[in-house]
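Residues per chain are reported as follows:
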There are 6 protein chains.
Amino acid sequence: MTDLVTFGETMLRLSPPDNERIESTDEFEVRAAGAESNVAVAASRLGAEATWTSKLPDSPLGRRVVGELNQYGIGTDVILGEGRQGTYYLEHAGKPRGTNVVYDRADAAVTTARAEEFDHDLIGEADCFFTTGITPALSPTLRETTGKLLQAAKRAGTATAFDFNYRGKLWSEAEAEETLTALFGGIDLLVIATRDAREVLGYEGDPRQIAHKLGSAYEFDTVVVTRGARGALAWHDSVVHDHDAYETDTVDPIGTGDAFTGAFLARRLAGDDVPTALEYGAATAALKRTIPGDIALVTREEVEAVIADESGEISR
Amino acid sequence: MTDLVTFGETMLRLSPPDNERIESTDEFEVRAAGAESNVAVAASRLGAEATWTSKLPDSPLGRRVVGELNQYGIGTDVILGEGRQGTYYLEHAGKPRGTNVVYDRADAAVTTARAEEFDHDLIGEADCFFTTGITPALSPTLRETTGKLLQAAKRAGTATAFDFNYRGKLWSEAEAEETLTALFGGIDLLVIATRDAREVLGYEGDPRQIAHKLGSAYEFDTVVVTRGARGALAWHDSVVHDHDAYETDTVDPIGTGDAFTGAFLARRLAGDDVPTALEYGAATAALKRTIPGDIALVTREEVEAVIADESGEISR
Amino acid sequence: MTDLVTFGETMLRLSPPDNERIESTDEFEVRAAGAESNVAVAASRLGAEATWTSKLPDSPLGRRVVGELNQYGIGTDVILGEGRQGTYYLEHAGKPRGTNVVYDRADAAVTTARAEEFDHDLIGEADCFFTTGITPALSPTLRETTGKLLQAAKRAGTATAFDFNYRGKLWSEAEAEETLTALFGGIDLLVIATRDAREVLGYEGDPRQIAHKLGSAYEFDTVVVTRGARGALAWHDSVVHDHDAYETDTVDPIGTGDAFTGAFLARRLAGDDVPTALEYGAATAALKRTIPGDIALVTREEVEAVIADESGEISR
Amino acid sequence: MTDLVTFGETMLRLSPPDNERIESTDEFEVRAAGAESNVAVAASRLGAEATWTSKLPDSPLGRRVVGELNQYGIGTDVILGEGRQGTYYLEHAGKPRGTNVVYDRADAAVTTARAEEFDHDLIGEADCFFTTGITPALSPTLRETTGKLLQAAKRAGTATAFDFNYRGKLWSEAEAEETLTALFGGIDLLVIATRDAREVLGYEGDPRQIAHKLGSAYEFDTVVVTRGARGALAWHDSVVHDHDAYETDTVDPIGTGDAFTGAFLARRLAGDDVPTALEYGAATAALKRTIPGDIALVTREEVEAVIADESGEISR
Amino acid sequence: MTDLVTFGETMLRLSPPDNERIESTDEFEVRAAGAESNVAVAASRLGAEATWTSKLPDSPLGRRVVGELNQYGIGTDVILGEGRQGTYYLEHAGKPRGTNVVYDRADAAVTTARAEEFDHDLIGEADCFFTTGITPALSPTLRETTGKLLQAAKRAGTATAFDFNYRGKLWSEAEAEETLTALFGGIDLLVIATRDAREVLGYEGDPRQIAHKLGSAYEFDTVVVTRGARGALAWHDSVVHDHDAYETDTVDPIGTGDAFTGAFLARRLAGDDVPTALEYGAATAALKRTIPGDIALVTREEVEAVIADESGEISR
Amino acid sequence: MTDLVTFGETMLRLSPPDNERIESTDEFEVRAAGAESNVAVAASRLGAEATWTSKLPDSPLGRRVVGELNQYGIGTDVILGEGRQGTYYLEHAGKPRGTNVVYDRADAAVTTARAEEFDHDLIGEADCFFTTGITPALSPTLRETTGKLLQAAKRAGTATAFDFNYRGKLWSEAEAEETLTALFGGIDLLVIATRDAREVLGYEGDPRQIAHKLGSAYEFDTVVVTRGARGALAWHDSVVHDHDAYETDTVDPIGTGDAFTGAFLARRLAGDDVPTALEYGAATAALKRTIPGDIALVTREEVEAVIADESGEISR
């Protein structure tokens, strides 16, 4: 039996090595990357049985994505069909250049995925179903599919978790607000960045106030509000729990939020309380930033060493 | 003043190094690749002033394509607009695996290019305008644009050259036949592979017979029929001239035909006769196969050393 | 349900890139490599549900092996325990240097694996259980374990397949002969190289005669005798079927035999007759040689294109 | 028509990857590098039509330099002749090792370049002619050529700009002082590092005082005094304008000054006032430090985002 | 004649590039690494004639280790025999992941090295013999050998130096304490980390107090107590001398202590006083941290530039 | 005591990887390369104590050359002085492009080396002194030095060996003939390529006839005439011995002749007869061609396996 099923697009991420520019590079490093598969891997690393479900082209590119995710130990349940393999080009840089992303994900196979194509038993028998606000942004079909799968989970008694994840390169704030708030009724656990809560949903106040407002405005069981380098807080049972981010030497910031969310979910599904889950989330996120790629390829022992403040030296 | 203007799509070519499989590679080598820019570079290397014209996305990917082609010394006259950067994934292998290509070029920026967007003076003032059968296969818009640009060249007294280049992954043989033969009236120099002449146009007989038949069926000035590893022949003034391929240690076979065509055109534009141009074409094609990438990064001296049979040893 | 379960050691293979020497290299390419996991992947690629079972150290090295094999789509059922991760150093070279292997596999975790540690249901519910003559060569414990697992398979009605695979760097010919012939009674399908049959078992005659002799000397259902570059033949129901090797541009010869065996087994398990299985085996083996690493990362479509003689050109 | 023509040596820069030492590296990364071509590229990136003119050997090495610079979009007007391709070996390191340069540029082709070899129309029709104090340091011939080209520019009404750029590995401070101050009469815009003003020219005081002193001592239109990590200031019309450096995560410090100068020149040539040009210069310099190689491969949009303080986050 | 002979194991160090994880890397960088050969190279770089002596397998792996050390300019006097080549896997990471080491050094050839196998004249004619607390931790045989070689040195009037170097992955603190303190009587110069003095030997107080206590408890001529990022101090003639660490941009922290010790020894052997030797030690250690690999590939000029505070800028 | 001392320039060889062109490469592989050090290494690999002596710049580049040669196990006795580090750029390619070399060795430090600078005892106490026709081609000073060192060897009773090695990129055939034949009186063993004997010295006839003519024209003890892919023959005591080249899969042809010569010399110095030495020479040359770089990094066991025809298969 599966603890967690996640649903969403996984792209190939193509990035020049060593801070080179896309404009002049002769080489791309290639990795599988997608919020929902990132979350599945992080959850799996923290002890959950996790499966990622999606639709990919029946091509060496689609097979490459599935193969890489299998490597990290999660289950994969993928429809192979028509359409492109979504890609994104990533250029790493520090200040003031910053990391830049060029999406090339239009018409990806996943954009045609209808709810009927998926294995509803897989979702129904899981403890939790997870997707993000990226999925409905990808196509009208996916907008519908996202809603239907959330409803199917709900009907089957499977808990639902959702990361708001607003992407300005995919749709406008107004579209996102309308579409995503319409889904809020079917969601048990919401994860949202402070910036998205403010700029897309129009909430004011500090993250703590935003958490309370969101918690009381909808029927959420839990609301997690993330604050970038300043950690995250979680509203649950009308109480807000808070955890700072751990100090980290960042090698690759992409996927930090997904690492947090995957670990938080895994520990909640394993029965840990909210403060403990926040702790695991923050430690996993900090470790992720030391690892190249989108994915938190950590062990539970490493995460617990961060929490116990025993890591960071040479171990020999 | 420009001797040769070529028009067509240039893609990013993404290929795993060292015979690795796309399915498991962690790295892609990236290069600019497109029949018409390949031809422009080969022609330029053999002494022609060559400019490539096209449409690309206004993004680091589009700029990367233009930059690489500038590096090889040709002129570039490119509209930067909306749409994707076409890509293709290339997996190199010897027998029996063979080299495999996965196109990801749908909705490329070039597919929306209308004739009016281009600089007609550039074409009109050139000695020769060149495109291939790939261009009209990419979109209905490009089908129309190809015809209009060929007509514009004709009207301006610019000679026209065309490589048939049938691509089975882009359209059916029937579509190709109908579309391309409709363009034949506006073409002075046709290059066509024996296989395409047989399977798409239905010609029978050996390459020599096919050349004669094509030469007499249309108003071509010259018809070049290529025979893969067995060289090429050219019909001109009712005479067929023949040249064998040179022996070569192949490192990358892609772009061999374009190298041949670019060199043949350059030497014809420089006033050489058909047998001489065939010789340069064959030698450039042989050198191309020793060079990684689509492009014939050769010098005229190297080509002439091949013709003079003086190359292939260690020169020190 | 699983079609094929394989059991044996998988090592990390460390090889200098680009024909460099171990003595002066600054870099090793690293891949998972082991006869039994190679066979499982090849079988899986040709349509079988295949699972590899083994024992590995509970370390990043052990996890790396499991991860890579998961990537290729097979099931992995691995005991994580004490002991080393076996490695081997591989230096590629052509004539006259030849490819050289330096084993560093003593005291690998797998050498302590006892039959009781494994999931007998996994073996009992499979259609076929496979291991090789390498496994009992690794330790006295494994000698016993190999025998017990073959017996367990037999008792459960699971067919047994065995590749003789004599390794002169692991044990003497006399030891191998004594140990392996003692196992022959429990084996349904034997794969053996002509050289091993001659030099280790003392059989004389051509491969066809050897196949007949082996077939009548023991209770085998099938005996496959391989002939290196000259293909393989299979004795079954007192008839010998023969298939030449396909022509191939070799990039990496290691794993050729395992590719053959995996594909042969998969097609036999799928109900194909012996000549057809030989055909798939030979085609998979030929493709393997074009792929870096021990593993036949092929598709069934590619294998069938080799059989149909449609591969080897540029496909675009 | 060209806005800016720059003249000087461009070398091949050979650097070990990843902080390796020259003494033990097995690999060099290779890039084109030279103060005057660096300035041309930076100016071009900020909107100027820029052409670099020089002399290089007629060899694959010389062609490599020209090709790379063409790639970045500037014009190149190069005499191919006898002599070596100048190279320099660069070892990157942080504190306390520091970055070290080993020049191998003696007898480079450019050292024989006489003023008569160059296209005086190119210089005469440009808005501005630029070279640096490195050029006359390379050979007596170049000392003369530098003077003549500055005079030719002056005569044609082309503005002249000059970066003092003292290089202690090329000549003594006394030689530099004598040679370069003799050129000051023909220079409109001088760029000089505080350290050079102090140690080579003997000016005392803070950078602001130095700017005033230099401005009143000669007939300069503008004097820019750079202060390393503390930005730059510019004296113009007896007023000194000042701009701090932007914070930056340095990947490669080489070329920072050239990036500043190229951007400053481009904006001045485009009609911007001195404070605005300083702002663009500082932002371009900061971006340069995030990019491997000597060259500021930036876009105007990126520079303006730095000025507007909108960069440095993940953009997706 | 040799100034310094060092004795101990040198391993192959296998590390994924660019912060990759062992669990998913496809490549290892490979280097020779061992405390005693590290010390020999550092000493040699600072002017000592140094020879490293050990036992290695007679294989390409053993030859690779010797070859790399020869490259750095030390003498090597190595017995080639039976046994494994010790290796270790190193995963670099910043906070909070930290650098992790997986040893695979059991049964290395060196573990069987008996004192009689070595060239006692080499040791007897040297000024100083050096080994570390790692050597006796590797096998009972080496425990005996270490003691015998120290005695042989003593008998021949060769000074003895010893780095305590406790390795928790090799033996317990109790075993280390018992074994190593039994050797203290034969040691002239002891180097020990504050942490080891506290946790293994049970000393209390600050490093200065520990140095005094160790100095008076045994017959040491000199006791060096290292304090990680806070430098080192040395007790000699009842006086404690102190030196801070230099600021450094760390690329690879492994081998810092060995760089310190090698430089300290070299300068003491050359007749410098203790404060000067501490200065050289600290500067060499700081430079080491900017260099990939275990080894301090520095020059004496660089070390002296650090001491004179003249390094760290771009030198050109 | 040393068996063989060789004298000559060693360059840094810079070559693009994977058949890339110098004109477009972004990376050079770097190796030490020089006929005389190549010969020393090959001789050392075949059992001779060999030392290479030369002059190099006192820079990281010079140290890199010495370090790499130390790595291969030879002695190095090098004067560090003024001047450049010679380099050469090497572009590998198969037919018809061929391998191309661009020398950049003018004004190398070695060109100023005078006989007095070298250790005459080193030469005088060796069994054999070796240099090649490249050395006197590099400068007038070296022309004189070569003569003096050969005389010094002669006077000391050290045998002299000389490889004619005409390099058309360094001097004319007439100059070479005049200079080198003037040295013939002081040479015991001459190695010469058939092509050089014909084109530079004007000998006619087949290699066998050339050997006889050279043998009788001068006072040589032995004359070896090489025939490229067709092996070599040796005139000694008026008899010509002949040996074919071994079949080889060539990865890098540079250094084949030096490998032959080094092995031939080593075996002659060890007392083997001429036919045996030819055998070792041919086998070492064949192995060299499978190894990247100029240098024959072989073992004696491998060479003897080639002679015994036991190599070329996978050894495991």
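Residues numbered from 1 in each chain as written. Chains lettered and ligands numbered in written order. Predicted model: local features only at pLDDT ≥ 70, side-chain atom pairs only at ≥ 80, totals over all residues. Heavy atoms only, no water.

Under an unreviewed UniProt entry, chain A has the name Bifunctional 2-dehydro-3-deoxygluconokinase/2-dehydro-3-deoxygalactonokinase and belongs to Saliphagus infecundisoli. The UniProt entry for chain A carries this comment under Sequence similarities (unreviewed entry): "Belongs to the carbohydrate kinase PfkB family." (UniProt positions renumbered as here; feature names shortened; annotations may be inferred.)

Caption draft 1: How the structure looks around the environment of L287 of chain B. Looking at where L287 of chain B falls in the secondary structure, it is placed in helix α9 (residues 274-288). Classification of L287 of chain B by relative accessible area gives buried; the value is 1%. Between the C-alpha atoms of L287 of chain B and F129 of chain B, which are 158 residues apart in sequence, the distance is 25 Å. Residues contacting L287 of chain B, with those up to four places away along its chain left out, are V298, E302, V303 and V306 of chain B together with P96 and R97 of chain F. (Helix = DSSP H or I, 4+ residues; strand = E, 2+ residues; numbered from the N terminus. Buried < 20%, exposed > 50% of the residue type's maximum accessible area, 1.4 Å probe, protein only. Contact = heavy atoms within 4.5 Å.)

Caption draft 2: Seen up close, helix α1 (residues 35-45) of chain F. All names here are of chain F. A large share of α1 lies buried, amounting to eleven of its eleven residues. Looking only at α1, the buried set comprises A35, E36, S37, N38, V39, A40, V41, A42, A43, S44 and R45. At the C-terminal side of α1, G47 shows a positive phi close to 110 degrees.

Caption draft 3: Local environment of the interface of chain C and chain E. With 21 residues of chain C in contact, the opposing surface of chain E contributes 21 residues. Carbon and sulfur atoms make up 59% of the area that chain C and chain E hide from each other, which totals about 2,000 Å². Of all residues in chain C, E23, F28 and L61 of chain C bury the most surface against chain E, accounting for 25% of the area lost on that side. Linking chain C with chain E are six salt bridges. Residue D104 of chain C is joined to R84 of chain E by a salt bridge in which the shortest nitrogen-to-oxygen separation is 2.6 Å. Summed over the shared surface of chain C and chain E, the result is eleven residue pairs in polar contact (both at pLDDT 80 or more). For the side of chain C that touches chain E, the elements supplying multiple residues, two or more each, are β3 (27-33), α2 (60-71), β6 (87-91) and β7 (100-104) of chain C. Looking at the side of chain C that touches chain E residue by residue, the class counts come to eight nonpolar, four polar and nine charged. As paired elements, β3 of chain C and strand β3 (residues 27-33) of chain E share three bridges and run antiparallel to each other. Across the sheet, the residue bridging to E27 of chain C is E29 of chain E, located in β3 of chain E. (Buried area = accessible area lost by both parts, 1.4 Å probe. Salt bridge = Lys/Arg side-chain N within 4 Å of Asp/Glu carboxyl O. Polar contact = N/O pair within 3.5 Å; in protein donor to acceptor, adjacent residues only side chain to side chain. Nonpolar A, V, L, I, M, F, W, Y, C, P; charged D, E, K, R; others polar. Pairing = 2+ DSSP bridges.)

Caption draft 4: Structural detail: the side chain of D272 of chain B. Structurally, D272 of chain B can be placed in the loop between α8 (256-269) and α9. Once you skip the residues sitting within four places of it in the chain, D272 of chain B turns out to touch R267 and Y280 of chain B.

Caption draft 5: Layout of the relation of the copies chain C and chain E. Once chain C is rotated about the relating axis by 180 degrees and shifted along it by 0.0 Å, it coincides with chain E to within an RMSD of 0.0 Å. Overall, the copies show the geometry of a two-fold rotation axis. Scanning chain C for the C-alpha nearest the rotation axis identifies F28 of chain C, at a separation of 2.6 Å. (Least-squares fit on C-alpha atoms with pLDDT ≥ 70 in both.)

Caption draft 6: Quick look at the pairing of strand β6 (residues 87-91) of chain A. Residue and element names in this part refer to chain A. Across the five residues of β6, five count as buried, placing the element largely inside the fold. Alignment of β6 against strand β7 (residues 100-104), held across five bridges, turns out to be antiparallel. Bridging from a neighbouring strand, E91 pairs with N100 of β7.

Caption draft 7: Summary view of the packing of helix α1 (residues 35-45) of chain D against helix α8 (residues 256-269) of chain D. Residue and element names in this part refer to chain D. For the pair α1 and α8, the least separation of the axes is 7 Å and the interaxial angle reads 45 degrees. Taken together, the axes of α1 and α8 are oblique relative to one another. The handedness of the crossing between α1 and α8 comes out as right-handed. Where α1 abuts α8, its residues A35, N38, V39, A42 and A43 lie against D258, A259, T261, G262, A263, L265 and A266. Split by residue class, the contact of α1 with α8 holds eight nonpolar, three polar and one charged. (Axes fitted to C-alpha atoms, helices over the stretch in contact; angles between N-to-C directions. Parallel < 35°, antiparallel > 145°, perpendicular 65-115°, else oblique. Left-handed = near helix turned anticlockwise from the far one by under 90°.)

Caption draft 8: View of empty space enclosed by the protein. According to the stated counting rule, one finds six cavities of 30 Å³ or more in the structure shown. Looking at the largest cavity, it is lined by 17 residues, and the ones nearest its centre are M11, A35, R167 and D294 of chain D together with R316 of chain E. For the lining of the largest cavity, the secondary-structure elements that each account for two or more residues are α1 and β7 (100-104) of chain D. With three residues, α1 of chain D is the single largest residue contributor to the lining of the largest cavity. When its residues are assigned to classes, the lining of the largest cavity shows seven nonpolar, three polar and seven charged. Together, E9, T10, S54, K55, L56, P57, R84, Q85, G86, A108, A109 and V110 of chain E line the second largest cavity. Class assignment of the residues belonging to the lining of the second largest cavity gives a composition of five nonpolar, four polar and three charged. (1 Å grid on protein atoms, 1.4 Å probe; cavity = no way out; pocket = protein on both sides within 12 Å on 5 of 7 lines; lining within 4 Å. Points joined across faces, edges and corners; volume = space filled by probe spheres on them.)

Caption draft 9: Highlighting the sheet that holds strand β3 (residues 27-33) of chain B. As summarised here, the arrangement of the eight strands in space is β7(A)-β6(A)-β2(A)-β3(A)-β3(B)-β2(B)-β6(B)-β7(B), forming an open sheet in which the pairing is mixed. Either end of the sheet is taken by a strand with one partner, and the two such strands are β7 of chain A together with β7 (100-104) of chain B. For this sheet, the mean inter-axis angle between neighbouring strands, taken without regard to orientation, is 30 degrees. The pairing of strand β2 (residues 11-15) of chain B with strand β6 (residues 87-91) of chain B spans three bridges and is classified as parallel. When the sheet's bridge partners are listed, L14 of chain B is paired in β6 of chain B with Y89 of chain B. Running at roughly 65 degrees to strand β3 (residues 27-33) of chain A, helix α2 (residues 60-71) of chain A makes contact with β2 (11-15) and β3 of chain A together with β6 and β7 of chain B of the sheet.

Caption draft 10: Spotlight on the pairing of strand β12 (residues 232-236) of chain C. All names here are of chain C. In terms of burial, β12 is a largely internal element, five of the five residues being buried. Burial along β12 is two-sided: the face carrying A232, A234 and H236 and the face carrying L233 and W235 are both buried. In the sheet, strand β11 (residues 222-226) pairs with β12 via five bridges, with the strands oriented antiparallel. Paired with V225 across the two strands is L233, which belongs to β12. Where β11 folds back onto β12 in an antiparallel hairpin, the turn is made up of five residues, including G228, whose phi is positive at roughly 60 degrees. Bridge analysis of β12 against strand β13 (residues 239-243) gives five bridges, and the strand direction is antiparallel. If you follow W235 over to β13, its bridge partner there is V240.

Caption draft 11: Quick look at the pattern of salt bridges. Inspection of the entire model under this criterion finds 162 salt bridges over all chains. A salt bridge links D188 of chain D to K154 of chain D; the nearest nitrogen and oxygen atoms lie 2.6 Å apart. Here K154 of chain D lies in helix α4 (residues 140-156) and D188 of chain D lies in the loop between α5 (173-183) and β10 (189-193), a separation of 34 residues in the sequence. On the basis of relative accessibility, which here comes to 37%, the residue K154 of chain D falls in the partly exposed class. Bridged by salt links that share partners, the residues R21, E91 and R97 of chain A together with E302 of chain D form one connected network.

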